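Chains, contacts and geometry: an overview
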Amino acid sequence: MTALTTPHTLVIENLHAEVAGKEILRGVTLTLHSGELTALMGPNGSGKSTLAYALMGHPKYKVTQGRALLDGQDLFKLSVDQRSKAGLFLGFQYPQEVSGLSLSKFLWTAYMQRHTAQTADTAEFDRELQAHLGYLEMDGSLLKRSLNEGFSGGEKKRVEVLQMATLHPLFSILDEPDSGLDIDAVRAVGETVAKLHRPDAGILVITHYQRILKYLKPDRVHVMVDGIIQLSGGRELAEELEAKGYDFVRPVVPQATN
Amino acid sequence: MELVEVTMAQANEITPLDYTRYDFKNPETYRLRIPKGLSRSVVEQISKFKDEPSWMLEYRLRAYDHFVERPMPDWGPSLAEIDFDSYTYYANPMLEGETKRKWEDLPADIKNTFEKLGIPKAEREYFGGVGAQYDSGTVYHKIREDLSAKGVLFCDTDTAVKEHPEIVRKYFGRIVPYNDNKFSALNSAVWSGGSFVYIPPGVDAGIPLQAYFRINAKNVGQFERTLIIADKGAKVHYIEGCLPLGEEVLVGDQLTPIEAIETGQPVLNSDGLETTVEKTMVRPFDGELVHITPVSVGNAFELTPEHPVYCIPRRKVVAGHRTHRQWSDVDPEKLLKASPEFIPAGDLEPGDFVHYPINRTERDEPGFGTAALTLLGYYLSEGCVQKINGCEAVTFTFHIEETRFVAELSAAIQELTGKTPWAAQQPEKHAVSVGVYSKELYGFCLQHAGKLAGQKQLSKVVMELPPEKQRILLATYYNGDGNFYDRNGGTVHRVMTVSRQLAFQVQELQARQGVFATINVREPFDETMPDGRTISHRRMYTVYHQVGKHAEAVRRAGDAFLVPIRQISRSPYHGNVYNFHVAGDNNTYLVKGFSVHNCTAPIYSTDSLHAAVVEVVGEPFSKVRYTTVQNWSKNVYNLVTKRAVAYEGALVEWVDGNMGSKITMKYPSVYLKGRGARADILSVAFASQGQIIDSGAKAVHSAPDTSSKIVAKSIAIRGGQTSYRGLLHVAPGATGVKAAVRCDALLPDESGRSDTYPYNEIHEEDATITHEAVVGKIGEEQIFYLMSRGLTESDAIHLILMGFLAEFAKELPVDYALELNRLIQLEMAGAVG
């Protein structure tokens, strides 16, 4: 973080959340800072995606306890679209398709949610879009196609990152941006996210694997097991996990829930 | 900027929704108008106005005879409520042959109407020719000079009959014969206006030709006839826009549509006295309406929340002590002393007393004696007018034991007509039938009490007779239709009727007798009998009051009744609300019998009928595209026959969008009659509350190597219904046919309904046929995804719907695409949140 930018924080305090009556998050406490890239790792079913959906406000994820403050504003008092406009972004693991809605129209509509006719800069929008397409090694013809319809797995992941780039959120949560991608695609997505990572914004990347972290170079790594953060550390923690597997987390701090 | 589509960029610039743009209405002034109703002489009169050649008159009359004989379709949505005699079949704001070619020459109100709809602008910017039809009359037709220099003909069909008879006679009625269906017969009999287009061989008309149709008057039918001929190798795109009619409101105890209320017309005020309307007004309203249900449920009414209602708040008249019995906490003395005040509808509470004044207007009519009123009472309950062997007769049916009533009625008939009525026993039905042949009595009953059970209604003369005379009519009406039973020490007097008007009139007549009668409504329902038959019960109104013991809920106060409110609810409403000012100091009028201040009341409607016929001829290697954007107001029956013939190598495309109307039945067809002919049909339906859109397409392959593609997309929302009804026919000998049908339905809120009825008749084995049908919902995940990018829920749904319709929208001229966008936005605003 440089002294020239305003620092932003996303403070998650003792977050409990349930899905279909089953408690998945059991007291997550985590603070994200602008300028930092954070990785959230953990085995399947540990609650990583639940954290992402609960923060964004998915109707099936019920927050039962705790707060999430974006620069002091409680996200849980806002509707989904208001959270987005407040600066929160979620990159989906499985993005939805919308037939007949072109990607370009969608990006423009989302952009316009943050602008008025006076503040919108179509030239700047277009310039950035072209630049991002280049970083992501994407074909511009995708813009004219229906949103995510018939897109390959890699195209969908890139489109999520493209949306993040377009909307300039304060905090982005990317839910497994690397899953299902080949090595080249992981590199393209990883490098773009790293490039887009501005000093006035924070990014939380959810992943199982260390390989995307090679490009992202996270400042912090957290490990979630059974709905709580079990272990936190620097970049080296990811490498250790890669080498030893998640099992090592449990024996090391088996009673760490309290 | 290239990346962003034009329509979206423009859509973002659209300032707040302005639905009023279409929902306005001009005074009904016509140079030529035939009174409502349909008969042979109406058909002859239309032809005479048009000074037609005899072959056209003969054609019309043949079609009329077929129309009369032809039954209503026994499939599809119910058209049972259509009363062909309630429409005006010809109303022309100008004289025949007066069609203008210069916009400035149009009468100001018509010019104004079409300017609000953007027509001169459309002509300037997009189209090669424009036509405009206002009710029956083609008021304007113009074609660009360069097109007419190439030999393109574009005029109204009436003019074509006169100026191009050789072409018209060759094609008229050849593609859609008058006896194709009941409504093509109707159109063929009474048609007026429509477009005639002829494109000579090899000519490409280039920019589209455009016509606008508008129904302005209430209960006017529009029956345009369009004929489009593309000669060999010619190309044309024709676009028609069908635009809404302003809707109507019922107010006052006569339940008159507000549009029928004109300045100077008498209405009742809260004193039960007549006053006159000084000024009428309409405004758009977007918000919640308040539904007020008094203890007489049938009198429920709706108002905007700020609308003042004349009432006595219950809290001002409660007794000092509380009791648990409903309605009994009121101090009768306080109530009688209280003076009613105006309270905004939104501030009313259940239990407050609304004010039902007794109509005190009295005009005696010496011609109405005991016999006449006795007869009318029995007629309301048991009578009907009919023609037996061509002679006018009035008949009544009684139970076999009701001999006293038969005697009383027979005496009345004898006195009125001087004839002895017959009385025929029908033991197998336990009935006795009483009747008389009398043209005078037939006319009298029709005029003063109406015809069918559902439309029985007393005339104004009868409603204003002195109460002591009306008492005679009530007595015999209750003899016939009433029943009586004891309850709580009193006797309940009850009549049931399917006529809404009559129910309210009986309530008013009882009020004049000093009795407040309650109206209850039983909604229509279907009952399945043990043998599997279904019996449909109509909406039934019960009017009842109790004699012998004072009914506690409703109190008499001078010349009015004070009626407690049973229930208050609210619902969102988007559209126009109406009001009017009345003369005098009283400043009130009556809604469903209750006093309200000069202000607003919601919309009800009477219907209009649009039955067009469109014939398209695609000569070899021609290309014709016919685009329709239909946004009739929601009281229009839209029953249209559209058919094209495509000869060798020709391409015919229908792009057919149906957003408006009450009921639409329309199945654009292409008959592929030459080798290699192609059909492309894109049909879109959007049905919201109260709408049934039954649409589809037909492709009839009768030549080899022909192909057809049908895409039908429908959205049913807020209880609307859509159906796809399609026919794919491959005739013997039509080898190498390719046909593809795709039906996509979207049910965004799961309250709508969508059905698919595809019929395939394939007589050649080598035909390649594909059929897909998908019914979709808008998923929670999809909405969440879009909302996570900052879109509100309604914007998200709107984008999904527009995406669903994108295939259609991209085929439309920009103005229409924007209009579609706005329309869906408006419907969504009502559906979400």
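Up top is the structure these notes are about.
Reference entry: report on the structure contained in this document. (Residues numbered from 1 in each chain as written. Chains lettered and ligands numbered in written order. Predicted model: local features only at pLDDT ≥ 70, side-chain atom pairs only at ≥ 80, totals over all residues.)

Some points on the overall build of chain A
Selection criterion: Segments assigned H or I by DSSP are reported as helices when at least four residues long, segments assigned E as strands when at least two residues long, and all are numbered from the N terminus. Counting other C-beta atoms within 10 Å of each residue's C-beta, where C-beta atoms are placed from the backbone, gives the exposure class: buried for 20 or more, exposed for 12 or fewer, partly exposed between. Whether two residues are in contact depends on their C-beta atoms, placed from the backbone: they are in contact if these lie within 7 Å.
In terms of regular secondary structure, chain A is built from 9 helices and 12 strands. Across the 258 residues in chain A, those meeting the buried criterion constitute 44%. Restricting to contacts in chain A with at least 6 residues of sequence separation, those with at least 24 account for 72%.

Things to note about the packing of helix H2 (residues 40-49) of chain B against helix H3 (residues 54-69) of chain B
All names here are of chain B. Threshold: Throughout, an axis means a line fitted to C-alpha atoms (over the contacting stretch in the case of helices), and angles, computed between N-to-C directions, take values from 0 to 180 degrees. Note that the term roughly parallel is reserved for angles under 35 degrees, roughly antiparallel for angles over 145, roughly perpendicular for angles of 65 to 115, and oblique for everything else. Note on convention: the crossing is left-handed when the near helix lies turned anticlockwise from the far helix by less than a right angle, right-handed when the turn is clockwise. Amino acids outside the nonpolar list (Ala, Val, Leu, Ile, Met, Phe, Trp, Tyr, Cys, Pro) and the charged list (Asp, Glu, Lys, Arg) are all regarded as polar, and Gly is one of them.
For the pair H2 and H3, the least separation of the axes is 10 Å and the interaxial angle reads 155 degrees. In terms of orientation, H2 lies roughly antiparallel with respect to H3. In terms of crossing hand, the pair formed by H2 and H3 is right-handed. On the side of H2, the interface is formed by Arg40, Val43, Glu44 and Ser47, while H3 contributes Met56, Leu57, Arg60, Leu61 and Tyr64. Classifying every residue of the contact of H2 with H3 gives 5 nonpolar, 1 polar and 3 charged.

Quick look at the interface of chain A and chain B
Across the contact, 32 residues belong to chain A and 25 residues belong to chain B. Every element with two or more residues in the side of chain A that touches chain B is listed here: helix H2 (80-86), strand E7 (98-102), helix H3 (103-112), helix H4 (122-135) and helix H5 (153-167) of chain A. With 6 residues, H3 of chain A is the single largest residue contributor to the side of chain A that touches chain B.

Here's the deal with the pairing of strand E21 (residues 431-437) of chain B
Residue and element names in this part refer to chain B. The line we're drawing: At least two bridges found by DSSP between two strands is the condition for calling them paired.
Of the two faces of E21, the one lined by Val432, Val434 and Val436 is fully buried and the one lined by Ala431, Ser433, Gly435 and Tyr437 carries no buried residue. Where strand E19 (residues 391-399) meets E21, 7 bridges bridge the pair, whose relative direction is antiparallel. From the neighbouring strand, histidine 399 faces E21, where its bridge partner is alanine 431. In the sheet, strand E20 (residues 422-426) pairs with E21 via 5 bridges, with the strands oriented antiparallel. Following the sheet pairing, alanine 424 is matched in E21 by serine 433.

Brief notes about H5 of chain A
Residue and element names in this part refer to chain A. For clarity, the threshold we go by: Given the number of residues in a helix, its expected span is that number minus one, multiplied by 1.5 Å.
Between its first and last C-alpha, H5 extends 22 Å over 15 residues, near the 21 Å set by a 1.5 Å rise per residue. For H5, the tally of buried residues reaches 11 of 15 residues, placing the bulk of the element in the interior. Structurally, H5 contributes buried residues whose contacts are with strand E6 (88-91), H3, H4, strand E9 (171-175) and helix H6 (183-196). Immediately downstream of H5, the backbone of histidine 168 shows phi near 50 degrees, a positive value.

Notes on the packing of helix H11 (residues 370-382) of chain B against helix H13 (residues 439-449) of chain B
All names here are of chain B. Between H11 and H13, the least distance of the axes is 11 Å, while the angle of their chain directions is 75 degrees. As the angle between them shows, H11 and H13 are arranged roughly perpendicular. In this structure, H11 uses Leu376, Tyr379 and Leu380 to contact H13, whose residues at the interface are Cys445, His448 and Ala449.

Some words on helix H16 (residues 500-512) of chain B
All names here are of chain B. Helix length check: H16 (13 residues) gives 19 Å between terminal C-alpha atoms against 18 Å at 1.5 Å per residue, within 8%. Buried residues dominate H16, accounting for 11 of its 13 residues. Taken together, the buried positions of H16 are Leu502, Ala503, Phe504, Gln505, Val506, Gln507, Glu508, Leu509, Gln510, Ala511 and Arg512. Count one or two residues on from H16 and you reach glycine 514, which has phi positive near 90 degrees.

Observations concerning the sheet that holds E9 of chain A
Residue and element names in this part refer to chain A. An order of E6-E9-E10-E3-E11-E12 is seen for the 6 strands of this open sheet, with the pairing classed as mixed. The open sheet terminates on both sides in strands that have one partner only, identified here as E6 and strand E12 (228-233). Put simply, the sheet's adjacent strands are angled 20 degrees from each other on average, direction ignored. Alignment of E9 against strand E10 (residues 202-206), held across 5 bridges, turns out to be parallel. Bridge pairing in E10 links isoleucine 173 to leucine 204. Contacts from H5 reach E6 and E9 within the one sheet, and its direction differs from that of E6 by about 165 degrees. The strands touched by helix H8 (residues 235-244) are strand E3 (37-41), strand E11 (220-225) and E12; relative to E11, the strand with the most contacts, the crossing angle is about 45 degrees.

In short, shape yes, function no, at least from these values alone.
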